[in-house]
Amino acid sequence: MSYPSIADKATSFRLTGLAVVLLALGAILGAVQTGPPPTDGWQWLHWICKPLTTVLIVWTAWRIAPPLSARYRRWIAIGMVCSLAGDIFLMLPQDAFVPGLVAFLIAHVCFIRAMLDDARFAARPLALLACLAYAALNLWLLWPSLPAALYAPVVVYVVVLACMAGQAASRAWWHAGDALANPARWAAAGALLFMLSDTLIAWNRFRVALPWAALWILATYYAALWCLARSIQRVSGTGKHA
């Protein structure tokens, strides 16, 4: 099978990246400007641009060629579709925080499965322990502000998220210096940005209103998805898996 040249792929990434940035800016602008009338008229922009940005990133991930592996791309794409479901739940007028949390939890399980394709779980235990420690610290600080009904789902989510980020960092460390180093670094960057975005969501929702919260949350979220999409790209010399 023939694949696009390096120059063609670079041009395609730049154009798609520009479209993602523009849609993400629309989602951020719509969220930042949403408030009491008359500013709530911007909400439609957020509702349109937020899911469309994720859809475009999923589409980009699915058409990347050559992929690191068909299985890796499939699990990353499924995780992104679950993230899209989470986006929609969190946009609904009613409080659908728990369904959104479940959708993103399934997404992280899919990302973990993808990153087990070429590295065992916690191949570098210190990376996983660092992410778990960071998650535990945040959970301890936020615990007094959490509603009792959310104790169990939040704990489960935080553990799975930390395992996803820890596995990504561990995998990047494991492959440092070999042909998988570049894709693994993209995945690790995406996973750690995802963890940062979720940290910002938690602090903004349960502890203190962050200035320009939508900007920081959505910027880190879309950067995370974009990095995960880039991690699918197989570089020259990288082996191909079934």
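A few points on the structure. (Residues numbered from 1 in each chain as written. Predicted model: local features only at pLDDT ≥ 70, side-chain atom pairs only at ≥ 80, totals over all residues. Heavy atoms only, no water.)

### Some remarks on the overall build of the protein
Part 1 of the argument: If you tally the helices and strands in the protein, you get 8 helices and 0 strands.
Part 2 of the argument: The order of helices and strands in the protein, counted from the N terminus, is α-α-α-α-α-α-α-α.
Part 3 of the argument: Residue burial in the protein is summarised as follows: out of 242 residues, 49% are buried.
Part 4 of the argument: Considering only intrachain contacts with a sequence separation of at least 6, the fraction spanning at least 24 residues in the protein is 76%. (Helix = DSSP H or I, 4+ residues; strand = E, 2+ residues; numbered from the N terminus. Buried < 20%, exposed > 50% of the residue type's maximum accessible area, 1.4 Å probe, protein only. Contact = heavy atoms within 4.5 Å.)

### Observations concerning the packing of aromatic side chains
Part 1 of the argument: Scanning all chains against the criterion turns up 7 aromatic pairs.
Part 2 of the argument: Judged by centre distance (5.5 Å) and plane angle (80 degrees), the rings of Phe194 and Tyr221 are edge-to-face. Here Phe194, found in helix H7 (residues 181-206), pairs with Tyr221, found in helix H8 (residues 213-230); they are 27 residues apart in sequence, far enough to count as distant. With respect to burial, Phe194 and Tyr221 carry one shared label: buried.
Part 3 of the argument: Grouping aromatic residues by their ring pairs yields a cluster made of Phe104, Phe111, Phe194, Tyr221 and Tyr222.
Part 4 of the argument: Against the face of Trp62 rests Arg73, its NZ or CZ located 5.4 Å from the ring centre. (Phe/Tyr/Trp six-rings, centres within 6.5 Å; stacked < 30°, edge-to-face > 60°. Lys NZ or Arg CZ within 6 Å of the ring centre and 35° of its normal.)

### Here's the deal with the nonpolar core
Part 1 of the argument: One finds Ile57, Tyr72, Ile76, Met80, Phe111, Met164 and Phe194 to be the most contacted residues of the largest nonpolar core, which totals 62 residues.
Part 2 of the argument: Elements that contribute at least two residues to this core include exactly helix H1 (6-33), helix H2 (43-63), helix H3 (70-91), helix H4 (97-115), helix H5 (125-142), helix H6 (151-174), H7 and H8.
Part 3 of the argument: In terms of residue count, the dominant contributor to this core is H6 (11 residues).
Part 4 of the argument: Ile57 has contacts with Val20, Met80, Tyr222, Leu225, Trp226 and Ala229, leaving out every residue within four places of it along the chain. (Core = buried A, V, L, I, M, F, W, Y, C linked by side-chain atoms within 4.5 Å.)

### Things to note about the pattern of salt bridges
Part 1 of the argument: Counted by the stated rule, this structure contains 3 salt bridges.
Part 2 of the argument: Asp117 is the partner of Arg71 in a salt bridge, and the nearest nitrogen-oxygen pair spans 2.7 Å. Of this pair, Arg71 sits in helix H3 while Asp117 is found in the loop between H4 and H5, placing the two residues 46 residues apart along the sequence.
Part 3 of the argument: Asp118 serves as the salt-bridge partner of Arg171, at 2.6 Å between the closest nitrogen and oxygen. A residue pair is termed long-range when its members are at least 10 positions apart, and Arg171 in helix H6 and Asp118 in the loop between H4 and H5 qualify at 53 residues. Both residues of the pair, Arg171 and Asp118, count as buried. (Salt bridge = Lys/Arg side-chain N within 4 Å of Asp/Glu carboxyl O.)

### A closer look at the packing of H2 against H8
Part 1 of the argument: At their nearest, the axes of H2 and H8 sit 8 Å apart, and the two run at 15 degrees to each other. In this view, H2 runs roughly parallel relative to H8, as classed from their interaxial angle. Classified by chirality, the crossing of H8 by H2 is right-handed. Of the residues in H8, those in contact with His46, Cys49, Lys50, Thr53, Thr54, Ile57, Thr60 and Ala61 of H2 are Leu218, Tyr221, Tyr222, Leu225, Trp226 and Ala229. (Axes fitted to C-alpha atoms, helices over the stretch in contact; angles between N-to-C directions. Parallel < 35°, antiparallel > 145°, perpendicular 65-115°, else oblique. Left-handed = near helix turned anticlockwise from the far one by under 90°.)

### Observations regarding the packing of H4 against H7
How two helices pack is summed up by the angle between their axes together with the distance between the axes.
Part 1 of the argument: At their nearest, the axes of H4 and H7 sit 12 Å apart, and the two run at 165 degrees to each other. By the angle between their directions, the pair H4 and H7 is classed as roughly antiparallel. As for how H4 packs across H7, the hand of that crossing is left-handed. Residues Phe97, Phe104, His108, Phe111 and Met115 of H4 pack against Ala187, Phe194, Asp198, Arg205 and Phe206 of H7.
Part 2 of the argument: Classifying every residue of the contact of H4 with H7 gives 7 nonpolar, 1 polar and 2 charged. (Nonpolar A, V, L, I, M, F, W, Y, C, P; charged D, E, K, R; others polar.)

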